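Chain by chain, the residues:
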There are 2 protein chains.
Amino acid sequence: MTDDATPAPARRSVDLGHAEALALLGSVSLGRVVFTRQALPTVRPVNHVLVDGDLVIRTHERAALTLRAGQGEGDGVVVAYEADDIDPVTHLGWSVVVTGYARLVTDPGERARYDALLRPWVDRTMEHAIRIHPTLVTGVRLVAA
Amino acid sequence: MTDDATPAPARRSVDLGHAEALALLGSVSLGRVVFTRQALPTVRPVNHVLVDGDLVIRTHERAALTLRAGQGEGDGVVVAYEADDIDPVTHLGWSVVVTGYARLVTDPGERARYDALLRPWVDRTMEHAIRIHPTLVTGVRLVAA
C-alpha cells in the first residue's frame, strides 16, 4: 500500500462521445460481460469483436448468459459490456460501457463468420456466439489534470 | 484481426479456491463494480483495497452505486466485483469475482482509515467509501493446456 499512500497525480474524467467510445472498444479484444443470474448481478471476462457496429462475444453453452439469451423471446435480455485500458500506477486511461440486448446467434453462416474472428477463452466445444446491439454507449477518459 | 485469426495456444480453465482468489484480488488495485441501476445491469471501474477480508472501494457521492447503498436498510444491496489480470495476446491469466452486500461507510474513523489506503479515480470531492463483505468468491486461472 506504500505506493497508494503517496500523493496521486491530479486526474480528471472526460466523457467520450459515442463514436470515440466504440472505436476504443474495438481497439481491444478483452472485456467483461455483465448480466443478472438468479436475480444477482454477475460478471465474466470474455473476448469480443465489433461487427457492423454490434458487439459479438463467444461464451460456453452452459454459461448463464447464454442460457438467458437463448431463453429470451424477441428482444433478448439486456446486458452491459465493459472494456478498459487503465494504467495500474497512474490510473490514467479509458473505460467504455455498452448496454444493449443480447441475442444468441443461430444462423449457421453468421456463426461461422464470428468463429473465424473470435478466439474462445478456453478450449471447450459447443460454444455459442452472442450478439449485443448497443443501445447505450458511454465512456470516460481519465487524463492528467 | 490478423492476430486473432491465427491458431490460439491451447488453454484450460482451473477453478480457484476462496483463499487464493482473495489473495489475487488483493494483489491488484483496480477492478470493476457491477450493480443494477434502474433495473439495468451496469459496471464501473474503481480501485479497491482489501481490509480484514472485506473489499473497500471509493466512489462519488452521486454515483448510482453510492445512492443505492445509502438507500439500503440493514443488509444493503448486492453487488458483484471483478478483477483480472489476463494477457491480451495469450489470454492466459486469472479472473476473480466477489459477490456480496455493499454498505456505505459512515463511521468517521473507519472512513479516514480507508481514505489513507484508497486513491480515487479522479479529483472529486465528497466521495464515499463502500465496504463489500464477500459472501461468494469465485475465480478461474487460465493456463496453458
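The model shown is predicted, which means the values in this text are computed figures rather than measured ones.

**Section: the overall build of chain A**
Stage number 1. Broken down by element type, chain A carries four helices and seven strands.
Stage number 2. In chain A, the succession of α and β elements from N to C terminus is α-β-α-β-β-β-α-β-β-α-β.
Stage number 3. For chain A, buried positions account for 49% of its 145 residues.
Stage number 4. Summarising the internal contacts of chain A: among those between residues at least 6 apart in sequence, 69% fall at separations of at least 24.

**Digging into the pattern of salt bridges**
Stage number 1. Under the counting rule described, the total for this entry stands at 20 salt bridges over all chains.
Stage number 2. Salt bridges here are not isolated pairs; linked through shared partners, they connect Arg 32, Glu 82 and Asp 84 of chain A together with Arg 32, Glu 82 and Asp 84 of chain B.

**Concerning the environment of Val 46 of chain B**
Stage number 1. Looking at the secondary structure, you find Val 46 of chain B in strand 3 (residues 40-51).
Stage number 2. Val 46 of chain B sits eleven residues away from Ile 57 of chain B along the chain, and the two C-alpha atoms are 6.8 Å apart.

**Structural notes on helix 2 (residues 18-26) of chain A**
Residues and elements named next belong to chain A.
Stage number 1. Of all the positions in helix 2, only Ala 21, Leu 22, Leu 24 and Leu 25 are classed as buried. Buried residues of helix 2, seen end-on, are gathered within an arc of 160° and therefore sit on one face of the element. Exposed residues on helix 2 whose side chains face more than 90 degrees from its buried face are Ala 19 and Ala 23.

**Here we look at the environment of His 133 of chain A**
Residue and element names in this part refer to chain A.
Stage number 1. Turning to its location among the elements, His 133 is positioned in strand 7 (residues 127-144).
Stage number 2. Assessed through its relative accessible area of 40%, His 133 is described here as partly exposed.
Stage number 3. Along the chain, His 133 and Leu 55 lie 78 residues apart, while their C-alpha atoms are 6.5 Å from each other.
Stage number 4. Those residues in contact with His 133 that lie beyond four places of it in its chain are Asp 54, Thr 99, Gly 100, Tyr 101 and Arg 103.
Stage number 5. Only 2.7 Å separates the side chain of His 133 from the side chain of Asp 54, close enough to count as a polar contact.

**Quick notes on the confidence of the model for chain A**
Stage number 1. With 77% of its residues at a pLDDT of at least 70, chain A reaches an overall mean of 81.
Stage number 2. Across chain A, the element-wise mean pLDDT spans from 42 in helix 1 (residues 2-5) of chain A up to 96 in helix 2 of chain A.

**What about the pairing of strand 7 of chain A?**
Residue and element names in this part refer to chain A.
Stage number 1. In this sheet, strand 7 lies alongside strand 1 (residues 11-15) in antiparallel orientation, the contact comprising five bridges. For Val 14, the partnering residue across the bridge sits in strand 7 and is Arg 141.
Stage number 2. Relative to strand 7, strand 6 (residues 93-104) runs antiparallel, the two sharing twelve bridges. Pairing of Ser 95 across the sheet is with Val 140, part of strand 7.

**A short note on the environment of Ala 112 of chain B**
Residues and elements named next belong to chain B.
Stage number 1. On the secondary structure map, Ala 112 appears in helix 4 (residues 108-117).
Stage number 2. Judged by relative accessible area, which is 45%, Ala 112 ranks as partly exposed.
Stage number 3. Sequence separation between Ala 112 and Ala 129 is 17 residues; the distance between their C-alpha atoms is 9.5 Å.

**Some words on the pairing of strand 6 of chain A**
All names here are of chain A.
Stage number 1. With nine of twelve residues buried, strand 6 lies mostly within the body of the structure.
Stage number 2. Bridging between strand 5 (residues 77-86) and strand 6 involves ten bridges; their strand directions are antiparallel. What sits directly across from Ala 83, in strand 6, is Val 96.
Stage number 3. The antiparallel pairing of strand 5 with strand 6 creates a hairpin that spans six residues between the two strands, and His 91 there sits at a positive phi of about 60°.

**A short note on the side chain of His 91 of chain B**
Stage number 1. Of note, His 91 of chain B is situated in the loop between strand 5 (77-86) and strand 6 (93-104).
Stage number 2. A polar side-chain atom of His 91 of chain B sits 3.5 Å from the main-chain carbonyl oxygen of Pro 88 of chain B.

**Looking at unusual backbone geometry**
Both trends apply: most residues other than glycine have a negative phi, and most peptide bonds are in trans.
Stage number 1. Unlike most non-glycine residues, Asp 52 of chain A shows phi in positive territory, near 50°.
Stage number 2. Structurally, Asp 52 of chain A is set in the loop between strand 3 (40-51) and strand 4 (54-60).
Stage number 3. Of note, His 91 of chain B is a non-glycine position whose phi angle comes to about 65°, a positive value.

**Looking at the side chain of His 48 of chain B**
Residue and element names in this part refer to chain B.
Stage number 1. With respect to the element layout, His 48 can be found in strand 3.
Stage number 2. His 48 gets classed as buried once you look at its relative accessible area, which sits at 2%.
Stage number 3. Of the polar contacts made by the side chain of His 48, one reaches the backbone oxygen of Val 28; its length is 2.9 Å.

Cut-offs and rules
Residues numbered from 1 in each chain as written. Chains lettered and ligands numbered in written order. Predicted model: local features only at pLDDT ≥ 70, side-chain atom pairs only at ≥ 80, totals over all residues. Heavy atoms only, no water. Helix = DSSP H or I, 4+ residues; strand = E, 2+ residues; numbered from the N terminus. Buried < 20%, exposed > 50% of the residue type's maximum accessible area, 1.4 Å probe, protein only. Contact = heavy atoms within 4.5 Å. Salt bridge = Lys/Arg side-chain N within 4 Å of Asp/Glu carboxyl O. Arc of directions from axis to C-beta. Polar contact = N/O pair within 3.5 Å; in protein donor to acceptor, adjacent residues only side chain to side chain. pLDDT = per-residue confidence, 0-100. Pairing = 2+ DSSP bridges.

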